[in-house]
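# Close look at the chain arrangement
Chain by chain, the residues:
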Amino acid sequence: MMAYQKQVSGMQFVRSMGCILAFAFLAMAGRTALAASNEIQSITSTQQGSNVVVKIELKNPVAALPMGFSITSPARIALDFADTANATGKGMQEIGLGDVRNVNVVQAGERSRLVFNLQRSLNYATAIDGNAVVVTIDGSGGPAAAVNASGLPVAPAQQAAGRHALRDIDFRRGNNGEGRVVVDLPGSQIAVDVRQVGKKIEVDFLKASLPQVLRRRLDVADFGTPVNTITTQQQGDNVRMLIEPQGNWEHSAYQSDTQLVIEVKPIREEPNRLGMGTQNYRGEKLSLNFQNVDVRAVLQVIADFTGLNIITSDTVSGNLTLRLKDVPWDQALDIVMQAKGLDMRKNGTVLWIAPRDELLTKEKLELEQRAQIADLEPVRTETFQLNYQKAEAFKQVFGIDGGNRSILTKRGSAVVDPRTNQLFVTDIASKLEEIRALVQKTDIASRQVMIEARIVEASDTFSRDLGAKLSFGVRNQGNYQLGGSQAAPGSNGALPTLGNSAVSLPASAINSNNPGTIALTLFNAAATRFIGLELSALEADGKGKVISSPRVITADQLKALIEQGTELPYQQATSSGATSISFRKANLKLEVTPQITPDGNVILDVDVNKDSVGAETRAGFAIDTKHVKTQVLIDNGGTVVIGGIFQQTERNNVAKVPLFGDIPVVGNLFKNTRRVDEKTELLIFLTPKILNDKVAIR
């Protein structure tokens, strides 16, 4: 019999690790274990070739193989022994053979778990030999074959005559999100029928049996593939596997020797393409079904199907059992080469196929020969005249002045002449050809871009001020009083002035504009009592717009700067205690770096400053700053607003005489009311234009 093996990743890895930690926690907590009918007495290990064989001695024979699973990252293999205690007296045992480092033994309750820590992910197989369970870990990376304690292969179990039992069912996730159901067949002659029925995939293994340990429903939704569940069960003389995917998918099936792989790939819709297909393989689809056929014959069939010229090395040999259904021909070729350790090199329409080691050895020899030729080939000097680029820009390329990215050989050298803008290079002929191609690619005229910025600053202000003055006077025996003050005698009945007021809350000036006034004086018939009233009011409404339009032309990916403004002086203390005059800029500045994209658009790195002179302070004038820095993608000739600042100020000020100012209607004579409403807005517009040759700013 073969043990059940399962690859775990994602959420299932977390669950598996949680189980391992839970086992360790229970063991360390010293929880009382239930009485177990069996126990692990010893663990020994040996190495047979590239395989590591671990023998687990138990007190009594086991009725069934232990349940197990494998983890890819970190690489581990876990086996669960039900109704078994740990009698080894150790929690960890070193192995140190091949890629197997050690094994942890953890008991919890009536179960024990063995966790093998590996250097890399490997396949394994288990077998029962008397009172022992033998674990074979294949070090070659291929499918593992179970052996007994003597190292002899164990034949697959047969439940009935003429019916072979499936060895293992595994699930893996591919690099591109595809789900792979891997079935380890008992032999290459077993008949398999793979078909799609509605939204499900049905696989029938004819004249086959299924061990009890593999009769289950696997939930693999946590792997992040189109496959949700895999249900395998016995149906009469056959085994039926039902694969239930979700979403948009397509499937393919191929068999290599005794391994059947059913691959379910997600179909991703691309809105810019007129169809959907396999991401890596784009060849025309074909179906192949060979039983124990020569590899060279399979390659010949693919060559006839594609019309390519295939040259096969004499070292390519061996037979192959292959079953492919509706797969691209390039994927079929890749499967054949992977199964037999082959690789290919393409030259036009000719494919040369040989063992991977043979190709690598041949390429290594060719590289060594080229290196020897380069050491013996004569060198010569060539001059390169640069027309658009600076010669000093090639110093790093040639490793001059401490550069470490030289493209020259160890015998080559280069001299840069900034005065004539020339390069003098000495090296072998092939390297000079590479430098000539490099100069032709880089020494070209840069495309130019004109950037026009429009900076609009608009303001809308409204102010209104209302005020009043109230005075009164009393005349008595040639004298009069105004607001309680004694007037000068000898006025001879003249009307009193209203300079001394009982209430003085007049309107104030706005922007150096004095308010308008209206005065009214009331007196009796004898002109002995006077009341004076003076009303003042001013309303100001202003709108303004300041437009700045700096323009600049620069080359592609080259920073440009244009600015205009004023430098303001201010005093600054020096280290000696004296003072010096320094200057600060209050200017309009446009700093931009354009980048022309392949589709004709322009990416701009923009830094815009709009400064103005502010209020005067003791230290000097303040500077009002408006600053925008951003990166934006704009169409050629298009306009975009990269920033806006909107400010609104509303103020209502009331000054009044207590009590009197709160009287309805009449209270307006005892108060001053001022209302201010100011709005300012700043907008920055950018328009890039890619210029043709000999184009100037109009």
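In what follows, the structure referred to is the one given above.
What comes next concerns the included structure. Going along each chain's sequence as written, the residues are numbered from 1 onward. For a predicted model such as this one, the threshold for reporting local features is a pLDDT of at least 70, and the threshold for listing and counting side-chain atom pairs is 80 or more; totals across whole chains, interfaces and linings nevertheless cover every residue. Here the side-chain values reflect all heavy atoms present in the structure, with hydrogen atoms and water set aside.

### Digging into the packing of helix H2 (residues 295-306) against helix H3 (residues 329-340)
Following both chains from N to C, one finds H2 and H3 inclined at 165°, their axes separated by 11 Å at the closest point. When the axes of H2 and H3 are compared, the pair comes out roughly antiparallel. Once H2 is placed against H3, the crossing between them reads as left-handed. Packed against H2, whose contacting residues are Val295, Val298, Leu299, Ile302, Phe305 and Thr306, the element H3 presents Trp329, Ala332, Leu333, Val336 and Lys340 at the interface. Grouping the amino acids of the contact of H2 with H3 by side-chain chemistry returns 9 nonpolar, 1 polar and 1 charged. Interaxial angles span 0 to 180 degrees and are taken between N-to-C directions of axes, which are lines fitted to C-alpha atoms, for helices over the stretch in contact. Per the convention used, a helix needs a DSSP run of H or I reaching at least four residues, while a strand needs a run of E reaching at least two, with both numbered from the N terminus. Angles are sorted into four bins: roughly parallel if under 35 degrees, roughly antiparallel if over 145, roughly perpendicular if 65 to 115, and oblique for all others. For a crossing to be left-handed, the near helix must be turned anticlockwise from the far one by less than a right angle; the clockwise case is right-handed. Here, two residues are considered to be in contact whenever any of their heavy atoms come within 4.5 Å of each other. In the scheme used here, Gly and all other residues not listed as nonpolar or charged are polar, with Ala, Val, Leu, Ile, Met, Phe, Trp, Tyr, Cys and Pro taken as nonpolar and Asp, Glu, Lys and Arg as charged.

### Digging into the environment of valine 327
Structurally, valine 327 can be placed in strand E25 (residues 319-328). Those residues in contact with valine 327 that sit more than four places away from it in its chain are Ser252, Glu284, Lys285, Leu286 and Ala332.

### Quick notes on the pairing of strand E39 (residues 579-596)
In this scheme, strands are said to pair when DSSP sees at least two bridges between them. With 14 bridges connecting them, strand E38 (residues 560-573) and E39 associate as antiparallel partners. Bridging from a neighbouring strand, alanine 560 pairs with valine 592 of E39. Connecting E38 to the antiparallel partner E39 that follows it, the hairpin turn spans 5 residues, and glycine 577 within it adopts a positive phi of roughly 100°. Inspection of the sheet shows E39 paired to strand E40 (residues 602-617) by 9 bridges, in the antiparallel sense. Note that in E40 the partner of leucine 588 across the bridge is lysine 610.

### Observations regarding the sheet that holds strand E14 (residues 179-184)
Pairing is antiparallel in the open sheet, where 6 strands are placed in the order E13-E14-E22-E21-E25-E23. Bordering the open sheet on either side are strand E13 (168-173) and strand E23 (285-294), each of which pairs with just one other strand. Shown here is a sheet whose adjacent strand axes are inclined to one another by a mean of 15°, direction ignored. Relative to E25, strand E21 (residues 249-256) runs antiparallel, the two sharing 2 bridges. Among the inter-strand pairings, alanine 253 is bridged to a residue of E25, identified as lysine 325. Each of E23 and E25 is contacted by H2, which is oriented at about 160° to E23, the strand it contacts most. H3 rests against E21, strand E22 (259-266), E23 and E25 of the sheet, and its axis sits at about 155° to E25.

### Some remarks on the packing of aromatic side chains
Two rings from Phe, Tyr or Trp (for Trp, the six-membered ring) form a pair when their centres sit within 6.5 Å of each other. Planes less than 30 degrees apart are called stacked, planes more than 60 degrees apart edge-to-face, and all others tilted. Taken as a whole and assessed by the stated rule, the structure comprises 1 aromatic pair. On the numbers, 5.1 Å between centres and 85° between planes, the contact of phenylalanine 171 with phenylalanine 223 is edge-to-face. One end of the pair, phenylalanine 171, is in strand E13; the other, phenylalanine 223, is in the loop between strand E18 (217-219) and strand E19 (227-235), and 52 residues separate them in sequence. Across the pair, phenylalanine 223 and phenylalanine 171 agree in class, each one buried. To sort residues, take the accessible area from a 1.4 Å probe on protein chains only and compare it with the maximum for the residue type: under 20% means buried, over 50% means exposed, and anything in between is partly exposed.

### A few points about a nonpolar patch on the surface
Residues enter a patch when their relative accessible area is above 30% and they make no salt bridge; the linking distance is 9 Å between like charges and 5 Å between nonpolar side chains (Val, Leu, Ile, Met, Phe, Trp, Tyr). Accessible surface area values rest on a Shrake-Rupley calculation with a 1.4 Å probe, where residue burial reflects the displayed protein chains alone. Whenever Lys or Arg places a side-chain nitrogen within 4 Å of a carboxyl oxygen from Asp or Glu, that contact is recorded as a salt bridge. A cluster of nonpolar side chains, Leu659, Phe660, Ile663, Val665 and Val666, forms an exposed patch at the surface whose accessible area comes to about 520 Å². Note on placement: leucine 659 falls in the loop between strand E42 (640-656) and strand E43 (671-691).

### Things to note about the pattern of salt bridges
Applying the stated criterion across every chain yields a total of 26 salt bridges. Measuring nitrogen to oxygen at the nearest pair gives 3.3 Å for the salt bridge that ties arginine 345 to aspartate 343. For arginine 345, a relative accessible area of 26% corresponds to the partly exposed category. Lysine 362 serves as the salt-bridge partner of glutamate 366, at 2.3 Å between the closest nitrogen and oxygen. Of this pair, glutamate 366 and lysine 362 both sit in helix H4 (residues 356-376), separated by 4 residues, roughly a single helical turn.

### Here we look at H3
Expected helix span is taken as 1.5 Å per residue step, with the number of steps being one fewer than the number of residues. For H3, spanning 12 residues, the distance from its first C-alpha to its last is 17 Å, which sits close to the expected 16 Å at 1.5 Å a residue. Just beyond H3, the residue with positive phi is glycine 341, at close to 65°.

### Here's the deal with the nonpolar core
What we call a nonpolar core is a set of buried Ala, Val, Leu, Ile, Met, Phe, Trp, Tyr and Cys residues that are connected through their side-chain atoms within 4.5 Å. Judged by nonpolar contacts, the single largest core of 29 residues is most densely connected at Val203, Phe205 and Met241. When residues of this core are traced back to their parent elements, those giving at least two are E13, E14, strand E15 (192-197), strand E16 (200-205), E19, strand E20 (238-245), E21 and E22. Not counting residues up to four positions away in its chain, the partners in contact with methionine 241 are Ile169, Val181, Val183, Ile201, Glu202, Val203, Phe205, Ile230, Thr231 and Thr232. Listed in part, the 25 residues of the second largest apolar core include Val316, Trp329, Ala332 and Ile353.

### Details of the pairing of strand E36 (residues 529-548)
Summarising the sheet, strand E35 (residues 516-523) and E36 pair through 8 bridges and their orientation is antiparallel. When the bridges of E36 are listed, threonine 521 appears paired with glycine 532. In textbook terms, the turn of a hairpin is the stretch between consecutive antiparallel strands, and for E35 and E36 this stretch comprises 5 residues, one of which, alanine 527, has a positive phi near 55°.

### Side note on the environment of glutamine 119
Note that glutamine 119 resides in the loop between strand E9 (111-118) and strand E10 (124-129). Separated by 21 residues in the primary sequence, glutamine 119 and glycine 98 place their C-alpha atoms 8.6 Å from one another. Sequence-distant contacts of glutamine 119, defined by excluding residues within four places in its chain, comprise Ala75, Asp99 and Arg101.

### Topic: unusual backbone geometry
With the exception of glycine, the majority of residues adopt a negative phi angle, and the majority of peptide bonds are in the trans configuration. Even without glycine at this site, aspartate 83 takes up a positive phi of about 55°. Of note, aspartate 83 is situated in the loop between strand E5 (76-81) and strand E6 (84-86). The backbone phi angle of asparagine 421 is positive, close to 55°, even though this residue is not glycine.

### A look at H2
Taking 1.5 Å of rise per residue, 12 residues should cover 16 Å, and H2 covers 17 Å from first to last C-alpha, within 8% of that figure. Summarising the contacts, the buried residues of H2 are in contact with E23, strand E24 (309-312), E25, H3, strand E26 (342-347) and strand E27 (350-355). Just downstream of H2 lies glycine 307, where phi reads positive at about 80°.

No statement about biological role is implied by the geometric values presented.
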